[in-house]
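Notes for the structure review
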Amino acid sequence: PFFFGHLTAGASGGAMPAVPDGDDSEAMANAPLGAIVFTVAAPGEPPKRFVKLPGDDPVVVGRDPKKCDILLESSGISAQHMELVVLAGDGAEPPRLVARDTSTNGTGVRHGPKGPLRRLERGAPGSVQDGSQVC
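A short tour of the structure in this document, coming up. Since the structure is predicted, the reported quantities are computational estimates derived from the model, not experimental observations.

About the thresholds
- Residues numbered from 1 in each chain as written.
- Predicted model: local features only at pLDDT ≥ 70, side-chain atom pairs only at ≥ 80, totals over all residues.
- Heavy atoms only, no water.
- Helix = DSSP H or I, 4+ residues; strand = E, 2+ residues; numbered from the N terminus.
- Buried < 20%, exposed > 50% of the residue type's maximum accessible area, 1.4 Å probe, protein only.
- Contact = heavy atoms within 4.5 Å.
- Core = buried A, V, L, I, M, F, W, Y, C linked by side-chain atoms within 4.5 Å.
- Pairing = 2+ DSSP bridges.

**Focus: the overall build of the protein chain**
Tallying secondary structure elements over the protein chain gives one helix and 11 strands in all. Listing every helix and strand of the protein chain by position from the N terminus yields β-α-β-β-β-β-β-β-β-β-β-β. A buried classification covers 41% of the 135 residues belonging to the protein chain. Within the protein chain, counting contacts between residues at least 6 apart in sequence, those at least 24 apart form 40% of the total.

**Regarding the nonpolar core**
Ranked by internal contacts, the top residues of the largest apolar core, which has 19 residues, are Phe38, Ile70, Leu84 and Leu97. Taken together, the elements giving at least two residues each to this core come down to strand 2 (36-41), strand 4 (59-62), strand 6 (82-87) and strand 7 (96-101).

**Quick look at the environment of Pro116**
Looking at the element boundaries, Pro116 is found in the loop between strand 8 (108-111) and strand 9 (117-119). Accessibility expressed as a relative area gives 69% for Pro116, which makes it exposed. When residues no more than four places from it in sequence are discounted, the contact partners of Pro116 are Val109 and Arg110.

**Focus on the pairing of strand 4**
Where burial is concerned, the two faces of strand 4 agree: the one with Val59 and Val61 and the one with Val60 and Gly62 are both buried. The sheet contact formed by strand 4 and strand 6 spans three bridges and is antiparallel. If you follow Val61 over to strand 6, its bridge partner there is Met82. For strand 4 and strand 5 (residues 70-71), the ladder comprises two bridges, and the chain directions are parallel. Bridge pairing in strand 5 places Val61 opposite Ile70.

Right under this line is the structure:
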């Protein structure tokens, strides 16, 4: 599994939400309006921070070092296992971060350390929030 931490979104035309970590606060202050700033922590790797707007290329997670932004080494992980994508909000809704399963083995999301594991439908967006665990 890997984790998403300090997930924060800047809503278009609105104030930036409070962020618990000084580094994320700086990243949010410098992020374009409407961007989502998120951090991905994979086992054995230093956390990576991303700043993405709706329409930006996805963050690709998997085993293929030539095609993936986040590398995971495990027999159950596909070459391009999943994507993290920022979708535009509807109307007054801010943009949101979603996970999209692109694997042959399946991907699940757990919201919080004790939440149930919810399997994603292949290709369909599944919500990801602060502290989500993806397996």
